[in-house]
Amino acid sequence: VYIYLGCTLSQSFNPDFHHSPVIKMGWLHKTPPQGTLVFQKRWVMLDAQYLRYFQNEKEVYSKRIIAILSVTKVLNVGGQKFEVVTRNRTFLFRAENNSKLLKETIQQHCNSMEKSLMNSSDTRGQRASRVSLISKQGYLEMSGLRSKLYVVICADSVFLYRNAEEHSQGVGITSIEMNLGTVKGTDKRSFNLTTIYRTFSFVAESEQQREQWVEVLQACVSHSLSSNAVAQKIWSEEANQRCADCGAPHPDWASVNLCVVLCKCCAGVHRGLGQSVSKVRSLKMDENAWTENQLFLLLGNDKVNLFWAANIPPSEMLCPSSDSEERQRFVTAKYCQGKYRCYHALFGQQEALNKALCNTIQTGDVLETLSLVFCGADVNCYTGDPELPSPVSVAQHYGQTLQVEFLTHNHNTGRSNETKAALPISHTGYLFKTASSTRAVTEHFSRRWCSLNQGNFSYYESEKSSSQSGQMKMSDVLCLVVNPQGKHGYGHSFELYHDSGRVYLFGEDSPDTVREWIKVIGKALVPPVAEDLVGWSFERVGRLRYTVGQSFHCPCLGWFSLGGSRLLLLLHGEDQVDNIDLRKLQELSVEQEAGAVVLVDRGRRLRLEGDRRPDYQGWLSGIQQGLGRGDGPLDQQQLTETEVPVIVDRCISYITQHGLKSEGIYRRCGVNSKIAALLLSLRHDARQVRLSEGVCQVDNVANVLKRFLREVGEGVFNGHQASLPWLHTTSDERRERVSQYKALLHSLPPVNRATLGAVINHLYCVQCFADENQMNMHNLAIVFGPTLFQTDGTDNSAGQVVEELIQNYQDIFNVSGSAVSAEELVCEVLRRGNIPPQQGDYWSCFLVNDNQEMERPLHYQERALAIYFSLGKDCHLVVKRNCYMEAMLIYIAAMVDVSRNSMIKFSDEKGQRGKRTFSRRLCVLDGTSLRLYKEVKVTEDGRRMCSTQPERECQVHALKVYYGIKKRLQPPSCWGMTVVCEQAERDKQQWYLCCESKNELIKWLATFMNLQVVSFCVTETYSTFLTAVVKPSKFRHRAFCSCHYGNSGGQ
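Residues numbered from 1 in each chain as written. Predicted model: local features only at pLDDT ≥ 70, side-chain atom pairs only at ≥ 80, totals over all residues. Heavy atoms only, no water.

Asker: Please clarify how the overall build of the protein chain should be interpreted in this entry.
Answerer: Counting its regular elements, the protein chain contains 29 helices and 45 strands. Counting over 1051 residues, the protein chain shows a buried share of 51%. Partitioning the contacts of the protein chain with sequence separation of at least 6, the portion at a separation of at least 24 is 58%. Element-wise, carbon and sulfur atoms account for 47% of the exposed surface of the protein chain, whose accessible area totals about 49900 Å². (Helix = DSSP H or I, 4+ residues; strand = E, 2+ residues; numbered from the N terminus. Buried < 20%, exposed > 50% of the residue type's maximum accessible area, 1.4 Å probe, protein only. Contact = heavy atoms within 4.5 Å. Areas by Shrake-Rupley, 256 points an atom, 1.4 Å probe, with all protein chains shown as cover.)

The structure is reproduced here in structure tokens:
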């Protein structure tokens, strides 16, 4: 009977999962069991207890295992061939060279084992002891095989034999280390033994037998996972008494290939990196994995961190109380990215690194070897010596056992700064399947035994079938789709979209069964770094090609997970999963011919392409459904960044700009047909609708807002039952009612709370202009009470609640109303605009009027909202970079005398239109006033002498300075400024001052800014970039709202 238990590693086989260290391993040719002379190439491994051979060097489980004690002799038969003779069979091997040396190695080891037994004082007692380690043995059926196997549980391993006779003769199939396994019953007579490499499915003769096997196997697992001896020995090195990453005391885990001792929290993060990066073992539970621990005693955490943690900034160091996100970020940077390591002088020179490694392993300097390996040296490189071809063989030749141990642990890691694939995932069970097609169908379901193993998804007629009905590689699967409950005739089902364009549909009535399959398939589908994509209730997960920005060339491969309105994504080269709320997309467009969809989110443009049409159409449909539905409740609408529905935001913005002073706003009726058409367009896709003056009437837009709020599902107050407490506030005291309203507001869902806040804020602004629009708080409450509470208006309690919400708006919603400062406005605009900071930027809020010909930077404390409401149609507020600020600051810093005087060209508002001229005046500005002199005499020494009485004069505190002059005044140069002097309520003058150069203008503006306030420094409230620019001791206040991006911190 030919039995093949195939299971491969992602890299070459690593022997540290066995009890005994490997003495020798390599390729040999052997004859098959029939005894023909057709040799087959096998990977052979010899340790202290067994001789094993495998299908190839990547196999974990052997084809044959031969106990050394069962070998009677080893014979050299010539022709590079030798025989290993046991009591019932002879194994013939052929080596490509040095067969005599291999034969002598095996013979010598067999003789030493026999001699050790013969010299022992009680050989029979020892053999009895070995027999006593067997906790259970017997025949079991195994999935995929026609005949039963003889299974022996001995100590902490499970051995598989063809029959009991082979067991007695010491020749078996393979062994399974139970410190890597779990046991779980699956049926009345069947159970699974699952390791990280594959799942073994067994069937016992009866249910009682199954329970006995499961109980003994679970005890075997527990036996292999308990000891304190290793921990105590490793802790004897003082540096190992603290975690190498966070410094926590008494760490009881270790990474055997990275040579660091870890606490439980950090070890969990290391496990998430995968075995190809960090091989984590427990000091207390994995005793059998610790064949030697001298390596950790020689090195210790302190010495190893001289390499791993040589350049850690104090701000990035971990502590025992650090949370999981901080640990994940730190461990990834430390071991995967090599951010803090001390790079070897030969880093980047591959040949030099390999040569240095071959020289270093001849010595005992393991720390140097570690530095070479994790800076790029290849542990599998060719040494140039045919007799000692690998670094491991060189280290063995020179007797460097610790070097051998270190190289062996890193045999399949290579360069540690590259993220490798995860360990294989295994799962088996029955599912109902349809015939594969180019689309999912709902008929001809058949029950199939399915198996996920080694990255291959296979299905069979039954669990006893040895031939596959079909198979697909997970690397060829584009997408996993979880179907809604009841779709395709089954309670639960999922689909696999294949790279060939075919769709595979699987279903089951049991939710637990399908949930488990979705979990393991998802993990097998995505790379390890993207496992967060399958750790939630997704509807679709898979890979797509994408480009960022305007370029369509060279698309990258990214991983995406979609569920509802959330789209999770991991882009190429990134190690953190990003999250897009589809409801808050700024734009979505579909390129039908190209088969692409373009998303614009927070200023980032992302273009997604599918490899196959069915897969792309599925992603497009899911994304479009997640955008938000205009006929759904508030939380399913398209939203702004502040979580206000776009429909509400569009209408409020339009009315604020064009209808605040419209008489009877919200009381007048619009044109019903236009209202219905506009609301339908907004519900279909509110982002694509632009409300523009002249096209949309104010009254129509106002009625669209009212109709939407009245008809939206569940209403603003989240349903009728949730709205009742608002209508029945019992307290007669205003303060208590406000407290009740605040508590009720806090209980609303986020979108409902934001929507209510936006509407009440808008009504508060409307009533500020009640003298012109005739809509005071009471009138607005009459209209919006029934609208917001979705009642018929017969009860006036809804109107009373809305009126109180408007009246107490600032207290209930914790806002300062019209006291919103220019500083706060600038910071909020930059935050919402997601404007990336640039070094040396100065941002200000400008009051712009007269067709953008004049602009004034606001003082940082000026009330921006009050100014906004008072603006006419030709004025508006703009947040932009202040192009003069840097030069002004440099001039202020160099000032000695805080005053200025020079000849300047002047004009004012007096005079007939068209006849205004600019005349030269002596302009004097000091700490008290701005004065203009008409008659100026120049003395012999060149000084200017002016008349005793100025022609014009204005106190500094009454001045407002605008950049620019109206073009209709025809200024003689473009370097002008407008000075508004308002010394009394009805005494307002405008002076136009024109400079001869930009440099002169900057000096005047800087002097005005410096004199109007006693100090100037920059706002510090926007992120960590906002730093003071000028802070002399005489400066005490900030003059203008300017956000400066310096180089004092990160983004």
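Asker: What is the right way to look at the packing of helix H21 (residues 750-767) against helix H23 (residues 777-789) in this model?
Answerer: The description of two packed helices rests on the angle between their axes and on the distance between the axes. Their axes nearest at 10 Å, the elements H21 and H23 cross at an angle of 155 degrees. One finds that H21 runs roughly antiparallel with respect to H23. Where H21 crosses over H23, the handedness of that crossing is right-handed. Contacts between H21 and H23 involve Leu756, Val759, Ile760, Leu763, Val766 and Gln767 from the former and Met777, Leu780, Phe784 and Leu788 from the latter. Class assignment of the residues belonging to the contact of H21 with H23 gives a composition of nine nonpolar, one polar and no charged. (Axes fitted to C-alpha atoms, helices over the stretch in contact; angles between N-to-C directions. Parallel < 35°, antiparallel > 145°, perpendicular 65-115°, else oblique. Left-handed = near helix turned anticlockwise from the far one by under 90°. Nonpolar A, V, L, I, M, F, W, Y, C, P; charged D, E, K, R; others polar.)

Asker: Can you walk me through unusual backbone geometry in this structure?
Answerer: Most of the time, phi is negative for any residue but glycine, and the peptide bond is trans. Despite not being glycine, His250 has its phi angle at roughly 50 degrees, a positive value. Position of His250 among the secondary structure elements: in the loop between helix H5 (229-235) and strand S16 (253-255). One non-glycine residue with positive phi stands out, namely Cys259, at about 65 degrees. The topology assignment puts Cys259 in the loop between S16 and strand S17 (260-262). Residue classification places Cys259 among the buried positions, given a relative accessible area of 3%.

Asker: In this structure, what is going on with the packing of helix H8 (residues 300-308) against helix H11 (residues 366-373)? I would like to understand it.
Answerer: At a minimum axis separation of 10 Å, H8 and H11 run at an interaxial angle of 30 degrees. Between H8 and H11, the interaxial angle falls into the category roughly parallel. For the crossing formed where H8 meets H11, the hand is right-handed. Of H11, the residues touching H8 (which contributes Lys303, Val304, Phe307 and Trp308) are Leu367, Leu370 and Ser371. Looking at side-chain class alone, the contact of H8 with H11 contains five nonpolar, one polar and one charged residues.

Asker: Please explain the sheet that holds strand S18 (residues 280-282) as it appears in this structure.
Answerer: The strands making up a sheet associate through hydrogen bonds between their backbones, and the pairing can be parallel or antiparallel. Spatially, three strands are ordered S17-S16-S18 in an open sheet, and the strand pairing comes out antiparallel. The open sheet has two edge strands with one neighbour each: S17 and S18. Each strand of the sheet is rotated relative to its neighbour by a mean of 30 degrees, with strand direction disregarded. Strand direction decides the pairing type here: S16 and S17, joined by three bridges, are antiparallel. Bridged to Ser255 within S17 is Val260. (Pairing = 2+ DSSP bridges.)

Asker: Whenever I open this one, helix H9 (residues 324-336) confuses me. Can you help?
Answerer: Because an α-helix packs 3.6 residues into every turn, residues spaced three or four apart end up facing the same way. Under the 1.5 Å per step criterion, the end-to-end length of H9 is 17 Å for 13 residues, consistent within 8% with the ideal 18 Å. Listed as buried for H9 are Arg327, Phe330, Val331, Thr332, Ala333, Lys334, Tyr335 and Cys336. Taken together, the buried residues of H9 touch S17, helix H6 (264-273) and H8. Two or three places before Glu325, at the start of H9, stands the capping residue Asp323, its side-chain oxygen 3.3 Å from that residue's backbone nitrogen. The first or second residue beyond H9 is Gly338, which carries a positive phi of 65 degrees. (Expected span 1.5 Å × (residues − 1). Polar contact = N/O pair within 3.5 Å; in protein donor to acceptor, adjacent residues only side chain to side chain.)

Asker: Quick question: what am I supposed to make of the state of the cysteines here?
Answerer: Each disulfide consists of one covalent bond between the sulfur atoms belonging to two cysteines. Counted by the stated rule, this structure contains one disulfide. Across the disulfide from Cys954 sits Cys981; the S-S distance is 2.1 Å. Its S-S torsion of approximately 95 degrees makes the covalent link between Cys954 and Cys981 right-handed. Of this pair, Cys954 sits in strand S41 (residues 952-955) while Cys981 sits in strand S43 (residues 976-984); the two residues are 27 residues apart in sequence, bridging distant segments of the chain. (Disulfide = S-S within 2.5 Å.)

Asker: I tried to follow the pattern of salt bridges on my own but got confused; where do I start?
Answerer: Close approach of charged atoms allows side chains of opposite charge to pair. Under the criterion given, the structure shown has 30 salt bridges. Between Asp302 and Arg242 there is a salt bridge, and its shortest N-O distance comes to 3.4 Å. One end of the pair, Asp302, is in helix H8; the other, Arg242, is in the loop between H5 and S16, with 60 residues separating them in the sequence. With a shortest N-O distance of 3.8 Å, Asp499 and Arg612 are connected by a salt bridge. Separated by 113 residues along the polypeptide, Asp499 in the loop between strand S24 (492-498) and strand S25 (503-508) and Arg612 in the loop between strand S32 (604-609) and helix H15 (613-626) bring together distant segments of the chain. A relative accessible area of 33% means that Arg612 is categorised as partly exposed. (Salt bridge = Lys/Arg side-chain N within 4 Å of Asp/Glu carboxyl O.)

Asker: Help me understand the packing of aromatic side chains in this model?
Answerer: Given two aromatic rings, one states the distance between the centres and the angle between the planes to describe the pair. For the coordinates displayed, the defined rule picks out 31 aromatic pairs. Taken together, the aromatic side chains of Phe307, Trp308, Tyr335, Phe374 and Phe406 make up a single cluster linked through ring pairs. Here the basic side chain of Lys41 rests over the ring of Trp27, its NZ or CZ set 4.8 Å away from the ring centre. Above the plane of the ring of Trp619 lies Arg540, whose end atom (NZ or CZ) is 5.7 Å from the centre. (Phe/Tyr/Trp six-rings, centres within 6.5 Å; stacked < 30°, edge-to-face > 60°. Lys NZ or Arg CZ within 6 Å of the ring centre and 35° of its normal.)

Asker: For this particular structure, what's the right way to read the nonpolar core?
Answerer: A general trend in soluble globular proteins is that nonpolar side chains are found buried together. Membership of the largest hydrophobic core comes to 63 residues, with the highest contact counts inside it found for Tyr666, Leu709, Trp726, Leu756, Ile760, Phe784 and Leu788. The dominant element in this core, judged by the number of residues it contributes, is H21, at nine residues. Residues contacting Ile760, with those up to four places away along its chain left out, are Leu788, Leu805, Ile806, Tyr809 and Phe813. In this structure, Cys266, Leu273, Phe374 and Cys375 belong to the second largest nonpolar core, which totals 55 residues. (Core = buried A, V, L, I, M, F, W, Y, C linked by side-chain atoms within 4.5 Å.)

Asker: So what exactly am I meant to see when it comes to the pairing of S41 here?
Answerer: Consecutive side chains of a regular strand alternate in pointing toward one face of the sheet and then the other. The two faces of S41 differ: Arg952 and Cys954 on one face are buried, but Glu953 and Gln955 on the other face are not. Here strand S38 (residues 929-933) pairs with S41 via four bridges, running antiparallel. Counterpart to Leu932 in the pairing with S41 is Arg952.

Asker: I'm lost on the side chain of Arg687 in this one. Help?
Answerer: Relative to the helices and strands, Arg687 is located in the loop between helix H17 (672-685) and helix H18 (698-711). An unpaired buried charge is present at Arg687: no salt bridge exists, and Asp685, the closest side chain of opposite charge, is 4.8 Å distant. With residues near it in sequence (within four places) discarded, Arg687 still touches Leu582, Arg583, Lys584, Leu585, Gln586, Glu587, Leu627, Gln638, Leu639, Val646 and Arg650. (Lys, Arg positive; Asp, Glu negative; His and termini not counted.)

Asker: What am I meant to see in the confidence of the model for the protein chain here?
Answerer: The predicted coordinates ought not to be read in detail in places where the model reports low pLDDT. Across the protein chain, the average pLDDT comes to 80, with 83% of residues at 70 or higher. Here residues 1-19 is modelled with pLDDT under 50, and outside its nearest four sequence neighbours on either side it reaches 79 contacts, counting other chains as well. (pLDDT = per-residue confidence, 0-100.)

Asker: Explain the sheet that holds strand S12 (residues 174-177) to me, please; I cannot follow it from the model alone.
Answerer: With respect to topology, seven strands assemble into an open sheet ordered S12-S10-S9-S8-S15-S14-S13, the strand pairing being antiparallel. Across the chains shown, the open sheet's two edge strands, defined by having one partner strand only, are S12 and strand S13 (181-185). Within this sheet the neighbouring strands show an average axis-to-axis angle of 30 degrees, counted without direction.

Asker: Explain the side chain of Arg64 to me, please; I cannot follow it from the model alone.
Answerer: By secondary structure assignment, the location of Arg64 is in strand S4 (residues 64-67). Residues in contact with Arg64, not counting those within four places in the same chain, are Leu51, Arg52, Tyr53, Arg89, Arg162, Glu166, Val171, Gly172 and Ile173.

Asker: Even after reading the chapter, I still don't get helix H20 (residues 734-747), so can you show me in this structure?
Answerer: Over its 14 residues, H20 extends 20 Å from the first C-alpha to the last, a length consistent with the 20 Å expected when each residue adds 1.5 Å. Where H20 is buried, its residues touch helix H19 (720-727), H21, helix H24 (797-807) and helix H25 (809-812).

Asker: Would you explain the pairing of S12 in this entry?
Answerer: What you see with S12 is no split at all: Thr174 and Ile176 on one side and Ser175 and Glu177 on the other are buried throughout. Two strands pair when backbone bridges link them, and strand S10 (residues 157-161) and S12 are joined in this way by four bridges, in the antiparallel orientation. Each bridged residue has a counterpart across the sheet, and for Val158 the counterpart in S12 is Ile176.

Asker: Even after reading the chapter, I still don't get the environment of Glu982, so can you show me in this structure?
Answerer: Secondary-structure assignment places Glu982 in strand S43. In the structure, Glu982 is positioned 23 residues away from Leu959 in sequence and 6.8 Å away in space, judged by C-alpha atoms.

Asker: Whenever I open this one, the environment of Asn453 confuses me. Can you help?
Answerer: Looking at the element boundaries, Asn453 is found in strand S20 (residues 446-453). Under the relative-accessibility criterion, Asn453 is labelled buried at 18%. Separated by 25 residues in the primary sequence, Asn453 and Thr428 place their C-alpha atoms 8.4 Å from one another.

Asker: Teacher, can you tell me more about the environment of Ser902 here?
Answerer: Looking at the secondary structure, you find Ser902 in strand S36 (residues 900-908). Sequence-wise, Ser902 and Leu925 are 23 residues apart; in three dimensions their C-alpha atoms are separated by 9.3 Å. Not counting residues up to four positions away in its chain, the partners in contact with Ser902 are Arg921, Leu922, Cys923, Glu1000 and Trp1004. A distance of 3.4 Å separates the side chain of Ser902 from the side chain of Trp1004, its partner in a polar contact.

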